[in-house]
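Residue-level listing of the chains:
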Amino acid sequence: MKRLTLSLVTATALFGTTQLMAEDALKVGLMLPASGTYAQLGNAIENGFKLYIEKEGGKLGGRDVEYVKLDDESDPSKATDNINKLIKSDKVDVVVGTVHSGVAAAMAKVAKKTGTLMVVPNAGSKLITGPMCAPNIFRSSFSNWQPGYAMGKVAADKGYKKVVTITWKYGAGEESVGGFKESFEENGGEVVKEMFVPFPNVEFQALLTEIAATKPDAVYTFFAGGGAVKFVKDYKAAGLMNSIPLLGAGFLTDGTLKAQGGDGEGLLTTLHYADSLDNETDKTFRTAYNESFEMKPDVYAVQGYDAAQILSIGLAAVDGDATKTKEIAAAVESAEIDSPRGKFTLSKAHNPIQDIYLREAKGEGNPVISVAAAKLDDPAKGCRM
Ligand code: PHB
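Residues numbered from 1 in each chain as written. Predicted model: local features only at pLDDT ≥ 70, side-chain atom pairs only at ≥ 80, totals over all residues. Heavy atoms only, no water.

Among the secondary structure elements, Val99 is positioned in the loop between strand 4 (94-96) and helix 4 (101-114). On the accessibility criterion, Val99 (4% relative accessible area) is buried. Excluding anything up to four places from it in sequence, Val99 contacts Pro33, Tyr38, Leu41, Gly42, Ile45, Asn122 and Ala123. (Helix = DSSP H or I, 4+ residues; strand = E, 2+ residues; numbered from the N terminus. Buried < 20%, exposed > 50% of the residue type's maximum accessible area, 1.4 Å probe, protein only. Contact = heavy atoms within 4.5 Å.)

Right, here's the structure in full:
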């Protein structure tokens, strides 16, 4: 016992504390939904994240990676307690999360206050890269505004004049519709009605009847996960698919086409990923993902993969010391992220500046039609670093 203590003292004297710390595993808190309408999305993010870490020999910044998993249930009311548990009790070095904008905004508030390194692998909340932006917070995905804004121009170019929007009543839905409305109206269209259902409700019947009666030129929607499957099936069953074109943020048809059983065929959506991109990184990624998980990757898997990639770049610059957030930010801000979606950089607010593709659902995939908005940067209103 005595000898052990002595040798530890000697080791500390010889190598210093940093060296010892680098030998400890880096604790990564994965705060993602494992239940509810977004459960599959959480799973794909985790798969993508782990795939990248495996490619790097199980390490980030030279340190072995250890995971602490927490099911956030996409419940904003539990978010603050959940992230505090990860930081204070589990003592994670890094937090990765989450899917739901309300949960992620609550997490970002805590991460900003405590200075904990955080990467958001999905949630597009404008708060995270707006008023709550911080040197230690990064997003590997998108802002809710980005796909919506790209689709507004597409809809106007198609000659649609009057559009009804329908979505869940919370940040993601409101901001996605907000982005659509902004560019659709800039280009001469008009959003004639905005419809909402409470999250995560999937009772669409009354609103679909109202859409049929309103007879707009098209409908724009944000739904994702289980809700997106139900909405597309209900839209088709209501007989609207052939009479009123349905447009969406790409989450409507990403990872959901199989479960929609063909009802999503032909849908036009806008997103920062697609199934027919012609780049080597995507080809390698898709092959590796298929081999590891026996399924095709979707946008969520890509965002998980890139969350790990962002951490890898940042932590390599500080020998794995996750507390050096200023140096991590400097490294990430000057990097080009080699994503399966195509290369991108992060804005000052730490949101991807990226191409948004127009895609058309075919079978179980969403091949590209065109780039709807090239190198689209989120306005990041209210961000002061
Ligand atoms: C969000 O809450 O920000 C959100 C959730 C699911 C998506 C996209 C955005 O697919």
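A separate point is the state of the cysteines. In this structure the tally under the stated criterion is one disulfide. Across the disulfide from Cys133 sits Cys383; the S-S distance is 2.2 Å. On the sign convention where negative means left-handed, the S-S torsion of about 90° between Cys133 and Cys383 marks this disulfide as right-handed. Within this pair, whereas Cys133 is found in the loop between strand 5 (117-120) and strand 6 (137-139), its partner Cys383 is found in the segment after strand 15 (368-376), the two being separated by 250 residues in sequence. Given the relative accessible area of 2%, Cys133 is considered buried. Judged by its relative accessible area of 19%, Cys383 is buried. (Disulfide = S-S within 2.5 Å.)

A few words on the pattern of salt bridges. Scanning the model with the defined rule gives 21 salt bridges in all. Here Lys59 ties to Asp64 by a salt bridge, and the two come within 2.8 Å at their closest N and O atoms. Overall, the relative accessible area of 41% leaves Asp64 in the partly exposed class. Among the salt bridges present, the one from Asp278 reaches Lys283, with a minimum N-O distance of 3.3 Å. By relative accessible area, Asp278 is classed as exposed at 69%. One salt-bridge network, held together by shared partners, links Glu46, Lys50 and Lys69. (Salt bridge = Lys/Arg side-chain N within 4 Å of Asp/Glu carboxyl O.)

As a volume, the largest pocket reaches approximately 440 Å³. Gly255, Thr256, Met295, Lys296 and Asp298 are, among the 19 residues lining the largest pocket, the residues nearest its centre. Of all the secondary structure elements, the ones that give two or more residues to the lining of the largest pocket are helix 2 (39-55), helix 9 (257-260) and helix 10 (280-293). Volume-wise, the second largest pocket comes out at about 250 Å³. What lines the second largest pocket is Lys126, Trp145, Glu174, Glu175, Gly178, Gly179, Glu182, Asp378, Pro379, Ala380 and Lys381. Among the elements that take part in the lining of the second largest pocket, helix 6 (residues 171-186) stands out by supplying five residues, more than any other. Grouping the constituent residues of the lining of the second largest pocket by class yields three nonpolar, two polar and six charged. (1 Å grid on protein atoms, 1.4 Å probe; cavity = no way out; pocket = protein on both sides within 12 Å on 5 of 7 lines; lining within 4 Å. Points joined across faces, edges and corners; volume = space filled by probe spheres on them. Nonpolar A, V, L, I, M, F, W, Y, C, P; charged D, E, K, R; others polar.)

Attention now goes to the UniProt feature "domain: Leucine-binding protein" (unreviewed entry) in the protein chain. As recorded in UniProt, the feature "domain: Leucine-binding protein" (unreviewed entry) lies at residues 26-364. Helix and strand shares over residues 26-364 are 42% and 22% respectively, and the end C-alpha atoms of the span are 37 Å apart. (UniProt positions renumbered as here; feature names shortened; annotations may be inferred.)

Summed over all chains, the structure comprises one cavity of 30 Å³ or more. Looking at the largest cavity, its volume works out to about 90 Å³. Lining the largest cavity are 16 residues, and of these Tyr38, Val99, Asn122, Phe142 and Phe222 lie nearest its centre. Taken together, the residues of the lining of the largest cavity sort by class into 11 nonpolar, five polar and no charged.

All right, on to the site of the ligand then. If you check the shell around the ligand, you find 16 residues, and the closest are Ser101, Gly124, Tyr170, Ala224 and Tyr300. Gly124 is positioned such that a nitrogen or oxygen atom in its backbone is 3.0 Å from an oxygen atom of the ligand. Between the ligand and Tyr170 there is a distance of 2.6 Å, counted from an oxygen atom to a side-chain nitrogen or oxygen. In the complex, the protein chains occlude 100% of the 280 Å² of accessible area that the ligand would expose alone. (Near = heavy atom within 4 Å. Polar contact = N/O pair within 3.5 Å; in protein donor to acceptor, adjacent residues only side chain to side chain. Areas by Shrake-Rupley, 256 points an atom, 1.4 Å probe, with all protein chains shown as cover.)

With that settled, consider the environment of Met241. Tracing the backbone through its elements, the reader meets Met241 in the loop between helix 8 (225-237) and strand 10 (246-249). By relative accessible area, Met241 is classed as buried at 16%. When the C-alpha atoms of Met241 and Gly264 are compared, they prove to be 9.0 Å apart, with 23 residues separating the residues in sequence. Beyond its immediate chain neighbours, meaning those up to four positions away, Met241 contacts Val232, Tyr235, Lys236, Asp263 and Leu267.

This paragraph deals with helix 5 (residues 145-157). The end-to-end C-alpha separation of helix 5 is 19 Å, in line with the 18 Å expected for 13 residues at 1.5 Å each. Among the 13 residues that make up helix 5, 10 are buried, leaving the element largely enclosed by the rest of the structure. On its buried face, helix 5 is in contact with helix 6, strand 9 (218-222), strand 10, strand 11 (268-271), strand 14 (352-360) and strand 15. Positive backbone phi, approximately 90°, marks Gly159, located one or two places after helix 5. (Expected span 1.5 Å × (residues − 1).)

Thr98 follows Gly97 through a cis peptide bond whose omega is -5°. Following the sequence through the fold, Thr98 ends up in the loop between strand 4 and helix 4. Of note, the amide linkage connecting Phe199 to Pro200 takes the cis form, showing an omega dihedral of -5°. Among the secondary structure elements, Pro200 is positioned in the loop between strand 8 (190-197) and helix 7 (205-214). Located in the positive-phi region is Asp319, a residue other than glycine, with phi close to 50°. Structurally, the position occupied by Asp319 is in the loop between helix 11 (299-316) and helix 12 (325-333). With a relative accessible area of 59%, Asp319 lands in the exposed category.

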